[in-house]
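Examining the three-dimensional arrangement
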Amino acid sequence: DKKFYLHVWYLCVTIIGMGKERKVTLATIASACGVSKMTVSRAIRDDPNVAEETKRLILEVAESQNYMGVARRLLGGGQMPHNYYVLFRKEHSLKDAFYSLIIQSVQQELFRNGWNCSFAVVPDKYAEFLRLLKMLHSGDACGIFIVGYVPPEYVNAALYQFINVVLVDYPGGPELSRPFASVYCDNAFGSSLAVKHLLGLGRKRIALIHGPEDHYFTRDILSGYR
């Protein structure tokens, strides 16, 4: 009826206005569609538990705001593109024995599931990193893995741009402004086991050699040592 079309018109004007005034997030799309942020996230990930009508509305709003490149393919009846990028700093490159095994394992698991995997080195300069994210966001990347430590502002920028971000061998911390997924070793427990082993051998004076004091790895192993 007339009231319904007026509501739709007002909704469109509101969405366009939001796009001009500020960057679009899950929250703005959720507000425009009258659903939760989790529903928006699930719809963009092509979750079958989201009703088709709701999913289409969310994708249309996301597409109108150029929120994700994948929205265009989903609206056209395509499938969610499984193109993932593994990002790492040059010091954590494939030449590093420890990180090369992690990176190759991520690649092998993605390939095993029939998904694409590409690599990119994290630039030293923040502005260049933002350009990299913009390029990936405007393309067909549906998620990224960040291997090893990168500055918190880099992670926050990635979390703002992408729904699927996984930190590998980096636990994150309170300085990260959004919820995140992380896979890493329990360094504190490992350090504790090592010290207990030496104590069990009768050692009394056990030294700990660690890296920079402000690094999360140092904090973890120091905690386990103590």
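Residues numbered from 1 in each chain as written. Predicted model: local features only at pLDDT ≥ 70, side-chain atom pairs only at ≥ 80, totals over all residues. Heavy atoms only, no water.

Quick word on the packing of aromatic side chains
Considering all chains together, one arrives at seven aromatic pairs under this definition. For the ring pair Tyr84 and Phe145, a centre distance of 5.9 Å and an interplane angle of 50° mean the geometry is tilted. Here Phe145 lies in strand S3 (residues 143–147) and Tyr84 lies in strand S1 (residues 83–88), a separation of 61 residues in the sequence. Each member of the pair Tyr84 and Phe145 is classed as buried. (Phe/Tyr/Trp six-rings, centres within 6.5 Å; stacked < 30°, edge-to-face > 60°. Helix = DSSP H or I, 4+ residues; strand = E, 2+ residues; numbered from the N terminus. Buried < 20%, exposed > 50% of the residue type's maximum accessible area, 1.4 Å probe, protein only.)

Some remarks on the confidence of the model for the chain
Scored by pLDDT, the chain has a mean of 80; 80% of the residues are at 70 or more. Predicted confidence in the chain is weakest over helix H1 (residues 2–21), with a mean pLDDT of 47, and strongest over helix H9 (residues 187–200), with 95. pLDDT under 50 marks residues 2–7. Its contacts with residues more than four places away, or in other chains, come to zero contacts. Between residues 15–22, whose pLDDT stays under 50, and residues either more than four places distant or in other chains, the model counts 10 contacts. (pLDDT = per-residue confidence, 0-100. Contact = heavy atoms within 4.5 Å.)

Topic: the pairing of S3
Of all five residues in S3, five are buried, a share of seventy percent or more. Here S3 shows a buried face lined by Gly143, Phe145 and Val147 and a second buried face lined by Ile144 and Ile146. Direction of pairing for S1 relative to S3: parallel, over a ladder of five bridges. Each bridged residue has a counterpart across the sheet, and for Leu87 the counterpart in S3 is Ile146. Where the polypeptide runs from S3 across helix H8 (residues 152–161) and back to strand S4 (residues 165–168), its parallel neighbour, the crossover connection is right-handed. (Pairing = 2+ DSSP bridges. Right-handed = clockwise from strand over helix to strand, strands pointing away.)

As for the pattern of salt bridges
Applying the stated criterion across every chain yields a total of four salt bridges. Linking Lys90 and Asp124 is a salt bridge whose minimum nitrogen-to-oxygen distance equals 3.3 Å. Separated by 34 residues along the polypeptide, Lys90 in the loop between S1 and helix H6 (97–112) and Asp124 in the loop between strand S2 (116–121) and helix H7 (126–138) bring together distant segments of the chain. Across the salt bridge formed by Glu109 and Arg112, the nearest N and O atoms sit 2.7 Å from each other. Separated by three residues within a single helix, Glu109 and Arg112 lie in helix H6, roughly one turn from each other. (Salt bridge = Lys/Arg side-chain N within 4 Å of Asp/Glu carboxyl O.)

Some words on the nonpolar core
Counting residues in hydrophobic clusters, the biggest one holds 23 residues, and the most contacted among them are Leu87, Phe129, Leu136 and Ile144. Elements represented by at least two residues in this core include exactly S1, H7, S3, H8 and S4. Broken down by element, this core gets its largest block of residues, five residues, from H8. (Core = buried A, V, L, I, M, F, W, Y, C linked by side-chain atoms within 4.5 Å.)

Looking at the sheet that holds S2
Spatially, five strands are ordered S2-S1-S3-S4-S5 in an open sheet, and the strand pairing comes out parallel. On the outer flanks of this sheet lie S2 and strand S5 (181–183), each paired with one strand and no other. For this sheet, the mean inter-axis angle between neighbouring strands, taken without regard to orientation, is 25°. Relative to S5, S4 is paired through three bridges, and the arrangement is parallel. Opposite Leu167, over in S5, you have Ser182 as the bridge partner. Strands in contact with H6 are S1, S2, S3 and S4; relative to S2, the strand with the most contacts, it is inclined by about 150°. (Axes fitted to C-alpha atoms, helices over the stretch in contact; angles between N-to-C directions.)

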